[in-house]
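Reading the structure
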Amino acid sequence: MAPSLRARIKQVMFDRVPGLLRRGPAASKRVALTFDDGPDDMTGQYLDVLDDLGVPATFFLLGEAAKNRPDDVRDYLRRGHQIASHGYDHTRFTELTRKQLLQQCAQTEEALGGQISGRPWVRPPHGSLDTASIVSLLAARYTVALWSVDSEDYGERDPAVLAERCSPGKVSGGDVLLFHEGQQWTLNALPRIVSALHGAGYELVTMHDLFAS
Ligand SMILES: [Zn+2]
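A brief report on the enclosed structure follows. Just so we're clear, the structure is a prediction, and the values are computed from it rather than from any experiment.

Some words on unusual backbone geometry
Residue Pro-39 follows Gly-38 across a cis peptide bond; omega there is -5°. With respect to the secondary-structure elements, Pro-39 resides in the loop between strand E2 (30-38) and helix H2 (43-53). Of note in the backbone geometry, His-90 takes a positive phi value of approximately 70° without being a glycine. Of note, His-90 is situated in the loop between strand E4 (82-85) and helix H5 (98-112). What makes His-90 partly exposed here is the crowd of 16 C-beta atoms within 10 Å. The phi dihedral of His-126 falls on the positive side, at around 65°, and the residue is not glycine. By the element assignment, His-126 lies in the loop between strand E5 (121-122) and helix H6 (131-139).

A look at helix H4 (residues 70-78)
Buried within H4 we find Asp-72, Val-73 and Tyr-76. One face of H4 carries all of its buried residues, which in axial projection span an arc of 105°. In H4, the exposed positions that point more than 90 degrees away from the buried face belong to Asp-71, Arg-74 and Arg-78. Looking at the buried residues of H4, the elements they touch are H2, strand E3 (58-61), helix H3 (63-68), E4 and H5. Where H4 terminates, the next one or two residues include Gly-80, which has phi positive at roughly 85°.

Here we look at the pairing of E4
Burial along E4 is two-sided: Gln-82 and Ala-84 facing one way and Ile-83 and Ser-85 facing the other are all buried. Pairing analysis gives four bridges linking E3 to E4, with the strands arranged parallel. Within E4, the position partnered with Phe-59 by the bridge is Ile-83.

Brief notes about the environment of Ser-172
By secondary structure assignment, the location of Ser-172 is in the loop between helix H7 (159-165) and strand E8 (176-180). On the neighbour-count criterion, Ser-172 (14 C-beta atoms within 10 Å) is partly exposed. Spatially, the C-alpha atoms of Ser-172 and Lys-29 are 7.5 Å apart, while their sequence positions differ by 143 residues.

Quick notes on the nonpolar core
Formed by 50 residues in total, the largest nonpolar core has its most connected members in Ala-32, Leu-33, Leu-61, Val-122, Ala-145 and Leu-177. Considering every element that reaches this core, the biggest residue donor is helix H8 (residues 184-199), with five residues.

Quick word on the packing of H2 against H8
Orientation of H2 relative to H8, taken along the N-to-C sense of each, is 15°, at an axis distance of 10 Å. The angle between the axes of H2 and H8 places the two elements in the roughly parallel class. Here H2 runs over H8; the crossing is right-handed. When H2 is examined against H8, the residues Gln-45, Tyr-46, Val-49 and Leu-53 are found in contact with a partner set consisting of Leu-187, Leu-190, Pro-191 and Val-194. A per-class count over the contact of H2 with H8 returns seven nonpolar, one polar and no charged.

Reading guide: rules and limits
Residues numbered from 1 in each chain as written. Predicted model: local features only at pLDDT ≥ 70, side-chain atom pairs only at ≥ 80, totals over all residues. Helix = DSSP H or I, 4+ residues; strand = E, 2+ residues; numbered from the N terminus. Buried ≥ 20, exposed ≤ 12 C-beta atoms within 10 Å, placed from the backbone. Arc of directions from axis to C-beta. Contact = placed C-beta atoms within 7 Å. Pairing = 2+ DSSP bridges. Core = buried A, V, L, I, M, F, W, Y, C linked by C-beta atoms within 7 Å. Axes fitted to C-alpha atoms, helices over the stretch in contact; angles between N-to-C directions. Parallel < 35°, antiparallel > 145°, perpendicular 65-115°, else oblique. Left-handed = near helix turned anticlockwise from the far one by under 90°. Nonpolar A, V, L, I, M, F, W, Y, C, P; charged D, E, K, R; others polar.

Structure follows, in structure tokens:
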């Protein structure tokens, strides 16, 4: 049981670090959809579905992929979404030296061409953080963006199960929902998830707007 207690204490400590975001104000009836690991060949389809649903989202992009797909990067912004960094090549931040970490983040910022929030946001690959990487990121004035509801769509391919995990009964105001790009099953689940949340009175906003409120 010791490791899980340690993990819980670590989580409580991390929740109190200013500049580290996990969950927005609980009083608001707003939630944010977030998508990691793009851009890729399916980005256009994700943006079309979100356009049809009329909701903005936040996309955490890999610098390497963004560099090779500048049209997609412009498209996210043109269509009203927030983009932010997910590291350069998906290496865990805990495996990088401070110098490598900041270099990867700078390379990614360059590929993204600046973020709408002003202060750069970053979501660490796999959510992997330790004290050293948190200190490095916060000292370099990054906002570290995590999540509060994991759809676990990297393991589950049934859109109905994904929709259930993100249904109004499982979600509350201020939640940040985690999904991934490049997956047909995630795409298929989105209309059901959005319509259920709208039906329950939730407004879907970018993660930036969720925390700005
Ligand atoms: Zn990722």
